[in-house]
Amino acid sequence: MSYFTPDEKLRLSFEPFKFGDPPIGYMQVSRTQLSLARYSGGITVHGRHYIYFPEHDELWRDDILKMVYGWRRTDAMAKELPPQVQGELL
């Protein structure tokens, strides 16, 4: 299981990232050279900062996290809004 939901991953796949951008995340970090991030909570790779999620053993780029947190916030706010009722026309 990943830190992001399958819907969030699908939404990320449609984002227009620039060609040559570093990866948005790494999975199974403890089996790679990036396992150093387990001890510090994150790592910088190619000038981009990644945050480590130990329960999922993943690294995600901080700008991607901001984007997904924004999606989650707007989705939560949309759920809190009362449903709009269409008024009767005179």
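Just above, that's the structure.
Residues numbered from 1 in each chain as written. Predicted model: local features only at pLDDT ≥ 70, side-chain atom pairs only at ≥ 80, totals over all residues. Heavy atoms only, no water.

## A short note on the overall build of the chain
We count it as follows: Helical segments are the DSSP runs of H or I of at least four residues, strand segments are the runs of E of at least two, and each set is numbered from the N terminus. The globule rule used here is 2.2 Å times the number of residues to the 0.38 power, and the radius of gyration it is set against is calculated over C-alpha atoms. Each residue's exposure class comes from its accessible area (1.4 Å probe, protein chains only) as a fraction of the maximum for that residue type: buried when under 20%, exposed when over 50%, partly exposed otherwise. The contact criterion used is simple: two residues touch if any of their non-hydrogen atoms lie within 4.5 Å. Here, Shrake-Rupley sampling with a 1.4 Å probe gives the accessible areas, and only protein chains in the shown set may cover a residue. Think of it this way: Lys and Arg go in the positive column, Asp and Glu in the negative one, and His and the chain ends go nowhere. Charge positions are represented by NZ for Lys, CZ for Arg, CG for Asp and CD for Glu.
The secondary structure content of the chain amounts to three helices and four strands. Here the C-alpha atoms of the chain give a radius of gyration of 18 Å, more than 25% beyond the 12 Å that 2.2 N^0.38 yields for 90 residues. Structurally, the chain occupies a C-alpha span of about 70 × 30 × 20 Å along its principal axes. With 90 residues in all, the chain has 29% of them scored as buried. When contacts within the chain are restricted to residue pairs at least 6 apart in sequence, those whose partners lie at least 24 apart make up 57%. Carbon and sulfur atoms make up 58% of the accessible area of the chain, which amounts to about 7100 Å² in all. In the chain, which carries 11 positive and 12 negative side-chain charges, the distance between the mean positions of the two groups comes to 6 Å.

## Points about the pattern of salt bridges
If charged atoms from side chains of opposite charge come close, those side chains can pair. Worth spelling out the cut-off: A carboxyl oxygen of Asp or Glu within 4 Å of a side-chain nitrogen of Lys or Arg is what we treat as a salt bridge.
What the rule picks out here adds up to four salt bridges. Across the salt bridge formed by glutamate 8 and arginine 72, the nearest N and O atoms sit 2.7 Å from each other. Of the two residues, glutamate 8 is situated in helix α1 (residues 6-13) and arginine 72 in helix α3 (residues 62-80); the sequence distance between them amounts to 64 residues. Ionic pairing is found between aspartate 21 and arginine 48, a salt bridge with its closest N-O pair at 3.9 Å. With a gap of 27 residues between them, aspartate 21 in the loop between α1 and β1 (25-27) and arginine 48 in strand β3 (residues 48-53) connect regions that are remote in the sequence. Judged by its relative accessible area of 26%, arginine 48 falls in the partly exposed class. Where salt bridges share partners, they join Asp21, Arg48, Arg61 and Asp63 into one cluster.

## Quick look at the side chain of serine 2
Note the cut-off: N or O atoms within 3.5 Å of each other form a polar contact, as long as, within protein, one can give a hydrogen and the other can take it, and as long as residues adjacent in sequence are counted only when both atoms are side-chain atoms.
Within the secondary structure, serine 2 is located in the segment before α1. Residue class for serine 2 comes out buried when judged on its relative accessible area of 9%. There is a polar contact of 3.3 Å between the side chain of serine 2 and the backbone nitrogen of phenylalanine 4. There is a polar contact of 3.0 Å between the side chain of serine 2 and the side chain of glutamate 58. Here serine 2 is in contact with Lys9, His56, Glu58 and Trp60, once residues within four sequence places are set aside.

Keep in mind these values describe shape, not function.
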